[in-house]
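Listed below are the residues making up each chain.
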Amino acid sequence: MGTTPTSATTVSDKSGNDGNLSEVAGSALVPQTGTDGHDKGGNNGQFSSDNSKSAATSSSIYSGGWKDLVFEAHRSQGLNNDCICTIINSLRESTRKQYTVYIDKFLSFSNFQNLSTFHPAEVDVINFLQSLYDSGLSYSVINTASSAIKTFLELINYPITFTSRFVRFKKGCFNLRPTLPRYVATWDPQIVLNYFDRPSSELSLYELTCKCVTLLALASYQRVSTLHAIRFSDLKLTCDKAVISFSSLHKQSRPGKHLTGLEFDSFPNSNVCVVNALKAYVDATSLIRTEHTLSSFFVTCVKPYRAASKDTIARWIKVSIHKAGVPDNFSAHSTRSASTSADAARGVDVVSILKKAGWSSSSTFYRFYNKPIQHYYSGLFLVLDLRPCH
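A.B. asks: Please clarify how the environment of K67 should be interpreted in this entry.
C.D. replies: Within the secondary structure, K67 is located in helix α1 (residues 66-75). Take K67: its relative accessible area is 6%, and that puts it in the buried class. Distance from K67 to I84, taken between C-alpha atoms, is 9.6 Å for residues 17 residues apart in sequence.

A.B. asks: Help me understand the sheet that holds strand β4 (residues 261-265) in this model?
C.D. replies: The strands that make up a sheet are held in pairs by hydrogen bonds between backbone atoms, and each pair lies either parallel or antiparallel. Strand order in the open sheet formed by three strands is β2-β3-β4, with antiparallel pairing between adjacent strands. Both outer strands of the open sheet, β2 (235-237) and β4, are each paired with one neighbouring strand and no more. Put simply, the sheet's adjacent strands are angled 10 degrees from each other on average, direction ignored. With three bridges connecting them, β2 and strand β3 (residues 241-245) associate as antiparallel partners.

A.B. asks: Would you mind showing me how to read the packing of aromatic side chains here?
C.D. replies: According to the stated counting rule, one finds 13 aromatic pairs in the structure shown. Judged by centre distance (5.1 Å) and plane angle (65 degrees), the rings of Y195 and F196 are edge-to-face. Among the residues examined, Y195 registers a relative accessible area of 28% and is labelled partly exposed. On the basis of relative accessibility, which here comes to 5%, the residue F196 falls in the buried class. Following the ring pairs from residue to residue traces out a cluster consisting of F232, Y281, F297 and F298.

A.B. asks: What is the right way to read the pattern of salt bridges from this model?
C.D. replies: Note on pairing: side chains with opposite charge can pair once their charged atoms come close. By the definition in use, this model includes five salt bridges. The closest approach of N and O atoms between K241 and D265, which form a salt bridge, is 2.5 Å. Taken together, the residues span a long stretch of sequence, with K241 in strand β3 and D265 in strand β4 at a distance of 24 residues. Residue class for K241 comes out partly exposed when judged on its relative accessible area of 24%. Given the relative accessible area of 51%, D265 is considered exposed. Across the pair D343 and R346 runs a salt bridge whose closest N-O atoms are separated by 3.0 Å.

Scoring rules and cut-offs
- Residues numbered from 1 in each chain as written.
- Predicted model: local features only at pLDDT ≥ 70, side-chain atom pairs only at ≥ 80, totals over all residues.
- Heavy atoms only, no water.
- Helix = DSSP H or I, 4+ residues; strand = E, 2+ residues; numbered from the N terminus.
- Buried < 20%, exposed > 50% of the residue type's maximum accessible area, 1.4 Å probe, protein only.
- Pairing = 2+ DSSP bridges.
- Axes fitted to C-alpha atoms, helices over the stretch in contact; angles between N-to-C directions.
- Phe/Tyr/Trp six-rings, centres within 6.5 Å; stacked < 30°, edge-to-face > 60°.
- Salt bridge = Lys/Arg side-chain N within 4 Å of Asp/Glu carboxyl O.

Following this line, the structure appears as structure tokens:
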């Protein structure tokens, strides 16, 4: 959604590169990324002062990348490169990637309109967001762009205090083009368990991989990005238990709070037991793991074998639930709502659900994830609202 073309007269720069700013594609200030989406140089997505250089200009109307401007703003106040890199690393790699699209478009818009990059006014931000709205983008995208610009202005040490006019503008965008909940009900995980109810020894590597990652998603309540973050060394297996200890940050990690680990006991039905599935997957991939794939737990199923990306993991889950009979409109992330809603419906303590899922507040569960369960029978469905009262 973030790459939807925008109006050429409003958000594209004069060279017609639609805000991607080819001038800074090779800039030493912008982390160069490889095909795996990670910064080159093995820094695990961290912005490093090894890639820094002197600010190219002191002009307030600027066509460079946003990280150049952050360096320029703080260098003028006496901060060294390492300090500035630490400030940039206050944003996670995924956030930087998401925000860069809109920050670069805003810089291109400012350049085209001859606006001050270091000292934009509230009306400039509103006019930019209106250009995104006019190009057909949704409220959720405009809201993300708004957050990106606010963050950028904080990073260059020029935060704007937005007035009620800005709040009214965003409310207007929502009323005119609302973003409504994607699902009003969720699906019953039992139909997926029924689909996988056969010995893992009978499955191909691809089928076993789909089974393992889907059962793990359902049993752990975790999002795809968390499953992607699992390292091979994070998993400890015993005869009747599996323990995953996370060694890297995940989406909910913040100072004082981190998803320390997940623990699974063996399930009576060994065919749909996540512990047995993990054991079978470890055995099946032992011969194809190399020095390039050993660190990641999930690896691709065809040569050349490599660490599976988040998109690949999401596709495995989607293929699995859709083959099991879940309607095609449900995404991989729907496993989180399906499993937590089903467990709450059968009486699992909500506190336990919150702890395993990594939610600090029950309002997150009740507002976004706890939904009525849809049961499908030969194309027909029955909606059962078994959610506990709260």
